[in-house]
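Structural overview
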Amino acid sequence: MNETIDWDKVIKKEARGLDDYDLGEVQELDDQFVITKKGVVDKDKFYLPRNKAVKFDGDKLWFEVGKDEAKVYKHNPTIDWDKVIKKEARGLDDYDLGEVQELDDQFVITKKGVVDKDRFYLPRSKAIRFEGDKLWLDVSKDEAKAYKRD
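By convention here, each chain's residues receive numbers from 1 onward along its written sequence. In keeping with the model being predicted, local features are shown solely for residues with a pLDDT of at least 70 and side-chain atom pairs are shown and tallied solely at 80 or more, while totals for entire chains, interfaces and linings include all residues. Here the side-chain values reflect all heavy atoms present in the structure, with hydrogen atoms and water set aside.

1. Thoughts on the overall build of the protein chain
To qualify as a helix, a DSSP run of H or I must reach at least 4 residues; to qualify as a strand, a run of E must reach at least 2; elements of each kind are numbered from the N terminus. Assigned secondary structure in the protein chain consists of 2 helices and 13 strands. Its C-alpha radius of gyration of 16 Å places the protein chain within 12% of the 15 Å reference for a compact globule of 150 residues. For the protein chain, the C-alpha atoms occupy an extent of roughly 55 × 30 × 30 Å along the three principal directions. Of all 150 residues assigned to the protein chain, the portion counted as buried reaches 41%. Pairs at least 24 apart in sequence give 43% of the contacts found in the protein chain among residues at least 6 apart. Accessible surface, the protein chain as shown: approximately 8900 Å² in total, 42% of it carbon and sulfur. Asp and Glu count as negative and Lys and Arg as positive, but His and the ends of the chain are not part of the count. The location of each charge is read from NZ of Lys, CZ of Arg, CG of Asp or CD of Glu. In the protein chain, the 31 positive side-chain charges and the 36 negative ones have mean positions that sit 2 Å from each other. Note that the radius of gyration is over C-alpha atoms, with the globule rule given as 2.2 Å times the number of residues to the power 0.38. Any residue under 20% of the maximum accessible area for its type is buried, any over 50% is exposed, and the rest in between are partly exposed; the area is computed with a 1.4 Å probe on protein chains only. In what follows, a contact means two residues having at least one pair of non-hydrogen atoms within 4.5 Å. Note on areas: Shrake-Rupley with a 1.4 Å probe; residue coverage comes only from the protein chains shown.

Printed below as a string of structure tokens:
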């Protein structure tokens, strides 16, 4: 997070991502997220992690988030951890991270594959949302390699 952002002034300002991607207008803030709305009729709501904000120029709040990545942030981040066991885990760009096997205080532990099983120890802090049958995480395919263990 860029410490120079004056969070008191970002409400009702435009939010923009990489390549000037429109992320809507900032509606509210909480400790972790900047919540924006985009659109007039079919409004998209984004729950953008504060740590993805890179600068505020007085008119626009800029995020290090591309168009494809933005899709991941379209849902309420409240996660019911009691329901994620045995559910699919997905990363950015719909990358398959396997099935959630267990949880501890720090990690979501998943298993992927039938024969050669990969185990991932994914930080809970990377979890973005849970949609009933899928747990979405802010982890790219390349990043996932760092969380893989034997």
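And the narrative resumes.
2. Considering the sheet that holds strand 4 (residues 44-49)
Picture the strands of a sheet paired through backbone hydrogen bonds; they go either parallel or antiparallel. Pairing between strands requires that DSSP locate at least two bridges from one strand to the other. Pairing within the open sheet is mixed, and its 6 strands lie in the order 4-3-2-1-6-5. Sheet topology places strand 4 and strand 5 (53-56) at the edges, where each strand pairs with a single neighbour. Taking each pair of neighbouring strands and ignoring which way they run, the sheet shows an average axis angle of 35 degrees. Pairing analysis gives 6 bridges linking strand 3 (residues 33-38) to strand 4, with the strands arranged antiparallel. Among the inter-strand pairings, Ile35 is bridged to a residue of strand 4, identified as Tyr47. Orientation is described by axes fitted as lines to C-alpha atoms, over the contacting stretch for helices, and by angles from 0 to 180 degrees between their N-to-C directions.

3. Some remarks on the pattern of salt bridges
Whenever a carboxyl oxygen of Asp or Glu lies within 4 Å of a side-chain nitrogen of Lys or Arg, that contact is scored as a salt bridge. Across all of its chains, the model carries 16 salt bridges by this definition. Across the pair Arg16 and Glu14 runs a salt bridge, and its minimum N-O distance is 2.7 Å. Classification of Arg16 by relative accessible area gives buried; the value is 14%. A cluster of three or more residues bridged by salt bridges with shared partners is formed by Glu14, Arg16 and Asp20.

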